[in-house]
Amino acid sequence: GCRHHRPRAARPVSDRGLSPAGMDVRILTLSIRLQSSVEFREKLLKALQYLCKLAAGELGSSLPTVVSRLEETSKACSGARRMFVLFRWIKYTMDMREAENEPQDTLRALMRAEAVCAIGVDVMQDLVTLEKIGVLPKRTLPPWFERAGGIAEVLLASVQLLAGYQRVRRATRALEGSHK
């Protein structure tokens, strides 16, 4: 017979991707990828931390045992998050290299600023973490240090927004240029 009309070998139902078993494999694969992502786990813990904090605040003094448990869970999530992101600043050194390859001056400057701010924020958070877990003696850092880290995070977010805006502008111009 004709080569183009050869019957295909039957594949197992679970490999077709439309069956429930195929969906299970894809969901499992996605779950494994997400779980192995430190950033995803940190964000999941952050969501749980703030959800517990919000719930505790909403309950007020009406259920003190539940509120206490929610506050403990929020604090435990905060500690776990700190451990996930310890020494994360090292990865931003790669962002600095990427910035050097950026041809657009404005975006290159913003990418450098983004990397420097991210390194600064993460180093500050690492110092707070090291103090909280006892590697640094208590009260090594001044009382304002953790709050300054929060201000640095706002600065980082602002730089990230500006860099994101520049990336969107470039992509929009490229898209408009391709339609001419």
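Remember, it's a predicted structure, so these values are computed and weren't measured experimentally.

(A) Here's a closer look at the nonpolar core. Formed by Tyr92, Cys117, Ala118, Val121, Met124, Val128, Leu141, Phe145, Ala152, Leu156 and Val159, the largest nonpolar core amounts to eleven residues. Sorting the residues of this core by element identifies α5 (105–132) and α6 (145–178) as the ones contributing at least two each. By residue number, the principal contributor to this core is α5, which donates five residues. With near-sequence residues (within four places) excluded, Met124 lies in contact with Phe145, Ala148, Gly149 and Ala152. By size, the runner-up hydrophobic cluster in this structure holds five residues, among which are Ala99, Leu107, Leu110 and Met111.

(B) Examining the layout of surface pockets more closely. As a volume, the largest pocket reaches approximately 1,000 Å³. Forming the boundary of the largest pocket are 41 residues, of which Glu42, Arg81, Arg88, Gln125 and Glu153 lie nearest the centre. Looking at the lining of the largest pocket, the elements with two or more residues in it are α2 (38–59), α3 (64–84), α4 (92–100), α5 and α6. Ranked by the residues each element gives to the lining of the largest pocket, the list is headed by α5, at ten residues. Of the residues belonging to the lining of the largest pocket, the class tally is 16 nonpolar, seven polar and 18 charged.

(C) Local environment of the packing of α5 against α6. The geometry of α5 relative to α6 is characterised by a closest axis approach of 9 Å and an angle of 155 degrees between their N-to-C directions. Taken together, the axes of α5 and α6 are roughly antiparallel relative to one another. In the packing of α5 onto α6, the handedness of the crossing is left-handed. Tallied by class, the residues present in the contact of α5 with α6 amount to 18 nonpolar, five polar and six charged.

(D) Structural detail: the environment of Ala113. Here Ala113 lies in helix α5. Accessibility expressed as a relative area gives 28% for Ala113, which makes it partly exposed. Residues Ala113 and Gln160 lie 47 residues apart in sequence; the distance between their C-alpha atoms is 8.9 Å.

(E) Layout of the pattern of salt bridges. Scanning all chains against the criterion turns up eleven salt bridges. A salt bridge links Glu72 to Arg69, with the shortest nitrogen-to-oxygen separation between them at 3.6 Å. You can see Glu72 and its partner Arg69 sitting in helix α3, three residues apart, about one turn around the helix. Linked by salt bridges that have partners in common, Glu42, Lys43 and Arg81 make up one network.

Rules behind the numbers
Residues numbered from 1 in each chain as written. Predicted model: local features only at pLDDT ≥ 70, side-chain atom pairs only at ≥ 80, totals over all residues. Heavy atoms only, no water. Core = buried A, V, L, I, M, F, W, Y, C linked by side-chain atoms within 4.5 Å. Buried < 20%, exposed > 50% of the residue type's maximum accessible area, 1.4 Å probe, protein only. Helix = DSSP H or I, 4+ residues; strand = E, 2+ residues; numbered from the N terminus. Contact = heavy atoms within 4.5 Å. 1 Å grid on protein atoms, 1.4 Å probe; cavity = no way out; pocket = protein on both sides within 12 Å on 5 of 7 lines; lining within 4 Å. Points joined across faces, edges and corners; volume = space filled by probe spheres on them. Nonpolar A, V, L, I, M, F, W, Y, C, P; charged D, E, K, R; others polar. Axes fitted to C-alpha atoms, helices over the stretch in contact; angles between N-to-C directions. Parallel < 35°, antiparallel > 145°, perpendicular 65-115°, else oblique. Left-handed = near helix turned anticlockwise from the far one by under 90°. Salt bridge = Lys/Arg side-chain N within 4 Å of Asp/Glu carboxyl O.

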